[in-house]
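Each chain is listed here by its residues.
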Amino acid sequence: MKKKIAIIFGTRPEIIKLSPVIKLCQKMRVPFFCVHTGQHFSYEMDEIFFKELGLASPKYKLNIKSKAPFRQGDHTGRMLIELEEILLKEMPCAIIVQGDTNTVLAAALTAEKISTTESYTGFQIKVAHVEAGLRSFDRSMPEETNRFIVDHLSDYLFVPTQKAKIQLLKEGMPSNRIRVTGNTIVDAVKNSLKSAQAKSSILEKLKINQKKYVLLTLHRQENVDSKKIFAGLLKGIALTAQKTRLPVIFPIHPRTLKRLNNFGLKLPREIISIRPVGFLDFLWLEANAKLIMTDSGGAQEEACILKVPCLTLRNNTERPETVAAGANIVAGRQPQGILKAALKMLKTKNNWKNPLGDGKASKRILKTILR
Ligand code: UD1
Ligand code: UDP
């Protein structure tokens, strides 16, 4: 039987960051198929990216929606059951997963379970982890557990930076499994920035001017699932908007909207919330922002790539390279701390060097797997 690869994803950032790998597979006629777990399912968190990035519909589209904030075991478990069916039927020689979501954990674990019962199944599946080696060293984050386990199950560890490689070596991973490739988000930004410039009319739609607004995203469990922390963050963001006289544009993640409504919190008037936007509009909003405030991994990276200063609204980051470059600051979650960090970052010269890669990560990843 001809060898094939399964590319498995389920959320917005995975679709975006795997899109350059998928497109390269198509171009190089690599036998592959895609599985979407359905973890993200709203049009603007899912389908819009297939349209904008020119991706075909996945061969398998599951319907395993998250019930977050509860029942994460049930969510991950249902994925294990359905992914096992598909992988046993298709018998790929490898799977590619990206990042640190429940989808990634379930896919890697399913492949591992099949491989360790080779005497029955008759085949093995290698696990290729894209964006391996990231650590926040904060085990209260579901993502930290996911990435740690997936790294330790993986046969191919595609790390974005040398720092991530050193971390994996410290954890005892053999160096022949690790390849420094750069982050595929650089490939994705390079592929789409011109289209964003040509096609996006988001600034006109929102009636905002270049470099005259702050862009905000928030969705991390540890930020929006506690009323006190969420309210404190909103206070700090509003304070910054008042002092800098910059309005804040806030494409609001479904989780965040749910929590805002459940808690009965009201957005301060300086914060203009909109529905999540597609990748092109989001890139254009990022590229033209004076400052980005976020708890998103992808947004921290994109800010660094696009040379826009970034405030990470968390107590840690698994992307310290962006901080070392001078592009990002870990601002914490206290109102005065957020304001102080914002005023500091607004003075930066935005002339740092991008530490996240050269836009050829997907080529390196595929070349290694095919070899
Ligand atoms: C998940 C990932 C997180 C990643 C983020 C990207 C886990 C544990 N978390 O977090 O690492 O940064 O995706 O955005 O895997 N919802 C919708 N429509 C959607 C998607 C989600 O309504 O399209 C709702 C879900 O029903 C759920 C909540 O939002 O109630 C959270 O979704 P979930 O996928 O569990 O977590 P995220 O916060 O999106
Ligand atoms: N993004 C988008 N529209 C939005 C907000 C974000 O297209 O309204 C993109 C963004 O460009 C980045 C990715 O989504 O590539 C980040 O996803 P998210 O913040 O949900 O997850 P994380 O990166 O934190 O895992």
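Our structure is the block above this text.
Since the structure is predicted, the reported quantities are computational estimates derived from the model, not experimental observations. (Residues numbered from 1 in each chain as written. Chains lettered and ligands numbered in written order. Predicted model: local features only at pLDDT ≥ 70, side-chain atom pairs only at ≥ 80, totals over all residues. Heavy atoms only, no water.)

### So, unusual backbone geometry
Condition: Note on conventions: DSSP H or I runs of at least 4 residues are helices, E runs of at least 2 residues are strands, and numbering of each starts at the N terminus. Under the scheme applied here, a residue whose accessible area is under 20% of the maximum for its type counts as buried, over 50% as exposed, and between as partly exposed, the area being computed with a 1.4 Å probe on protein chains only.
Along the chain, alanine 68 connects to proline 69 via a cis peptide bond; the corresponding omega equals 15°. Residue placement: proline 69 occurs in the loop between β3 (60-61) and α3 (72-90). Although it is not a glycine, phenylalanine 137 sits at a positive phi angle of roughly 60°. Here phenylalanine 137 shows up in the loop between β5 (126-130) and α6 (142-153). Looking at phenylalanine 137, the relative accessible area reads 61%, which means it is exposed. In this structure, lysine 207 takes a positive phi of about 55° despite not being glycine. Within the element layout of this structure, lysine 207 appears in the loop between α9 (202-206) and β8 (214-217).

### Let's talk about the pairing of strand β2 (residues 32-36)
How we decide: Seen with its strands pointing away from the viewer, a crossover is right-handed when the path leading from the first strand over the helix to the second is clockwise.
Counting buried positions along β2 yields four of five residues, so the element is predominantly enclosed. Handedness of the crossover is the feature at issue here: the chain leaves strand β1 (residues 5-9), passes through helix α1 (residues 12-27), returns alongside β2, and the resulting connection is right-handed. Read from β2 through helix α2 (residues 47-53) to β3, the crossover connection turns out right-handed.

### Some details on the site of ligand 2
Using the following cut-off: Proximity is defined per residue: if any heavy atom of the residue lies within 4 Å of a molecule or strand, that residue is considered near it. Any pair of N or O atoms that falls within 3.5 Å is considered a polar contact. Within protein, one atom must be able to donate a hydrogen and the other to accept it, and sequence-neighbouring residues count only if both atoms are side-chain atoms. The Shrake-Rupley method, run with a 1.4 Å probe, gives the accessible areas here. Residue values count only the displayed protein chains as cover.
Near ligand 2 there are 17 residues, and of these Arg12, Val277, Ser296, Gly298 and Glu302 occur at the shortest range. Residue glycine 297 places a main-chain N or O atom 2.9 Å away from an oxygen atom belonging to ligand 2. Residue glutamate 302 places a side-chain N or O atom 2.5 Å away from an oxygen atom belonging to ligand 2. Protein burial of ligand 2: of its 540 Å² of free accessible surface, 95% is covered by the chains.

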